[in-house]
2 protein chains.
Amino acid sequence: MSATQAPESSTGHTSAVSPIETDALIIGAGPAGLFQAFQLGLQGIASHLVDALPHVGGQCAQLYGHKPIYDIPGIPVCTGTELAQLLDRQIAPMQVPRHLSQQIESLRQREDGRWLAQTTAGTAFAARSIFIAAGVGAFVPKALKVPGVDDLRPNQLHYHPLQLDMAIGRSVLVYGGDEEAVSAAIACASPLSCGANTGAGAAKTYLMHRRDAFQAEPGQLARLQQLRDSGAIEVVIGQITEARHAAGQLSAVQWMDGEGNEHPLSVDMLLVFLGISPRLGPISDWGLAIERKQLVVDPATQATSAAGIYAVGDIVTYPGKKKLILCAFHEAAMAAFAAAEYLQGEKPLLQYTTTSAKLHGILGVSHPGAQ
Amino acid sequence: MSATQAPESSTGHTSAVSPIETDALIIGAGPAGLFQAFQLGLQGIASHLVDALPHVGGQCAQLYGHKPIYDIPGIPVCTGTELAQLLDRQIAPMQVPRHLSQQIESLRQREDGRWLAQTTAGTAFAARSIFIAAGVGAFVPKALKVPGVDDLRPNQLHYHPLQLDMAIGRSVLVYGGDEEAVSAAIACASPLSCGANTGAGAAKTYLMHRRDAFQAEPGQLARLQQLRDSGAIEVVIGQITEARHAAGQLSAVQWMDGEGNEHPLSVDMLLVFLGISPRLGPISDWGLAIERKQLVVDPATQATSAAGIYAVGDIVTYPGKKKLILCAFHEAAMAAFAAAEYLQGEKPLLQYTTTSAKLHGILGVSHPGAQ
């Protein structure tokens, strides 16, 4: 069962693979999680990052990707995507492995004190410490909830952009009206222009939305219109009411037009873009102290109520907590110092990246004159 | 008595000018103070900045001006000067008046609750709230402590770089071996090349240091050598032991060479660069709760023990406090929210610079589509 196929499901997964042993597992790769990896790295603590989205940047890249942010200290203006890129470049020296498009679906403590975490994609971790930087929850695509969907076999229903070659020769229905839907329809319908895939695209591309109005950049809307005019994309105004299949093989969808009349449409692949909504998900089941859906932490350490589990960013609460990105950065530093003491058994010295030869080594920069 | 003339003095000043009325006075224009001004501005609170140095940036610009910092979130690398410039640009929309080269020497509460603050340069403020962002203290030039110095009249002894025209036609002794000393000597000895001052410089420029080794950029050292070779700068190896004057008018210094022999040197202006050292200064006399030389604050509000006085950055302590610039940024945000409630009588709503039309107005940016 893949994460993209059944985004709302977080049960039923079993895995016999041995877990990845790590000092720190960071849940969430938004600005808070990325900077957490950096601060842990400065403490000499290796970490892994997990995120539900297929890219780093979290809420910031997902909701403010192209919008300006003005209150990151020292950055008069940047977009959400630019901030994610800057942080990604900053943490590059730490070489943090990323496990994207998957959520942690279970977390329990092993007898030796390590936390066993398992993702919806079957990745398992045995981590000495956990850092929850999950923002307002995992950004999960809204699922298509119509009869027949749950019985489809893999690779017929997708909630994230496809690798282009997966649509070749298929009859594809893109369902949605936002930028992701428009991009996906264009990608499926456009003959590819380079390499081995020259000329190949979907056999047929439909784009279904409840009304004939799409949200995308002007350039994309113009391209969509070209492809509609040429017949490469057929726009259907309506809503899916059922997925028809034979033994799990998608054959058609049933759809309803504006007058309430239903029609069949033969397709063998569904790309669904109904928006992304944050879900706290299983985090609320892990037995951590929670207050009004926020994890309660000690602001001196960002420790939750469970030993070895820290939390930072929009998901936490403490007296005076403000949901600002710049506060998450501070919290990540506090958590890294606390975790260093927890993992290494002694209070770490405060060192400065400007002057510490040890930190220069970690950052991969050389300063012959450094102390 | 000017601040540059007697940096160690903080008494004896009297002023009858009426104070500047302001909602907020920020003491210290390092990264913490600059970002405090930004956060206050976002809350609609106007502020004034005061700093002992002749420029903004504080410790960061003074000690790490040309050195790289790697842990400002979202800025993979920048120098201290660059960080100060970025913050300066970020707070530009707030149009915060700066009062530089002066320290707050007294602070007391008026009967109406306002805080009366007075600087060593005679500027007075009546502020509804105070933000102490003074780092490890005011960066004050180390004073020349030899007989005769205290009796000199104004404009004969300086601890900061001069405006160039002040040295024209004077016999100048620059005392020190660091970059500031070398720059000052070069500036005094170099014929000015533009405008009304063409061809004018000091009548005579001496550069005295205890040994014949100067710390400066290679280009500056090369220029110094040129000016020594041409006779425009005369380097003297030794130490000042006395300032000679007649009725406060500097006539010469007495100096000692490496063998302990003393000599006179006729000069009528002294530029002293003996380094800069931080001094907590009068802050420790203001009756605020202090623990190991740090101001004790509540991390939820950054409030000190006095109503209306907040503190942020390296000068504060609270459980877990780390002396990192990125923590000061968070503290500035916390203090601004707390002060907004204190000054405006109600808890401010959390708004985002990406989406708030009110904040866009404050920032002077227009976003027709913003909510």
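Scroll up to find the structure this text is about.
Keep in mind that this is a model prediction, so the values were computed, not measured.

What counts, and where the lines are drawn
Residues numbered from 1 in each chain as written. Chains lettered and ligands numbered in written order. Predicted model: local features only at pLDDT ≥ 70, side-chain atom pairs only at ≥ 80, totals over all residues. Heavy atoms only, no water. Axes fitted to C-alpha atoms, helices over the stretch in contact; angles between N-to-C directions. Helix = DSSP H or I, 4+ residues; strand = E, 2+ residues; numbered from the N terminus. Parallel < 35°, antiparallel > 145°, perpendicular 65-115°, else oblique. Left-handed = near helix turned anticlockwise from the far one by under 90°. Contact = heavy atoms within 4.5 Å. Nonpolar A, V, L, I, M, F, W, Y, C, P; charged D, E, K, R; others polar. Pairing = 2+ DSSP bridges. Buried area = accessible area lost by both parts, 1.4 Å probe. Salt bridge = Lys/Arg side-chain N within 4 Å of Asp/Glu carboxyl O.

J.: Give me the lowdown on the packing of helix α4 (residues 179-189) of chain A against helix α5 (residues 218-229) of chain A, citing residues and values where you can.
T.: All names here are of chain A. Two numbers describe how α4 lies on α5: the axes approach to 10 Å, and their chain directions differ by 45°. With respect to their mutual orientation, α4 and α5 come out oblique. Taken as a pair, α4 and α5 cross one another with a handedness that is left-handed. Between α4 and α5, the residues in contact are E179, V182, S183, I186 and A189 and Q220, R223, L224 and L227, respectively. Split into classes, the residues belonging to the contact of α4 with α5 amount to five nonpolar, two polar and two charged.

J.: Give me the lowdown on the environment of S284 of chain A, citing residues and values where you can.
T.: Note that S284 of chain A resides in the loop between β18 (276-279) and β19 (290-291). Separated by 76 residues in the primary sequence, S284 of chain A and H360 of chain A have C-alpha atoms spaced 39 Å apart.

J.: Pulling in residues and values, what's your account of the sheet that holds strand β20 (residues 294-296) of chain A?
T.: With mixed pairing, three strands are arranged side by side in an open sheet as β19-β20-β22 (chain A). Where the open sheet ends on each side, the last strands, each with one partner, are β19 and β22 (316-317) of chain A.

J.: Which residues make up the interface of chain B and chain A, and what values go with them?
T.: Facing 43 residues of chain B, the contacting portion of chain A comprises 43 residues. Surface buried jointly by chain B and chain A totals about 3600 Å² across both partners, of which 70% is contributed by carbon and sulfur atoms. It is Y70, H330 and T354 of chain B in chain B that bury the most area against chain A; as a group they hold 17% of the surface buried on that side. Taken together, the connections running from chain B to chain A amount to zero salt bridges. If you list the elements that add at least two residues to the side of chain B that touches chain A, you get α1 (31-42), β3 (68-69), α3 (80-90), α6 (325-344) and α7 (357-363) of chain B. At seven residues, the largest contribution of residues to the side of chain B that touches chain A is made by α6 of chain B. A breakdown of the residues in the side of chain B that touches chain A according to their chemical character gives 28 nonpolar, nine polar and six charged.

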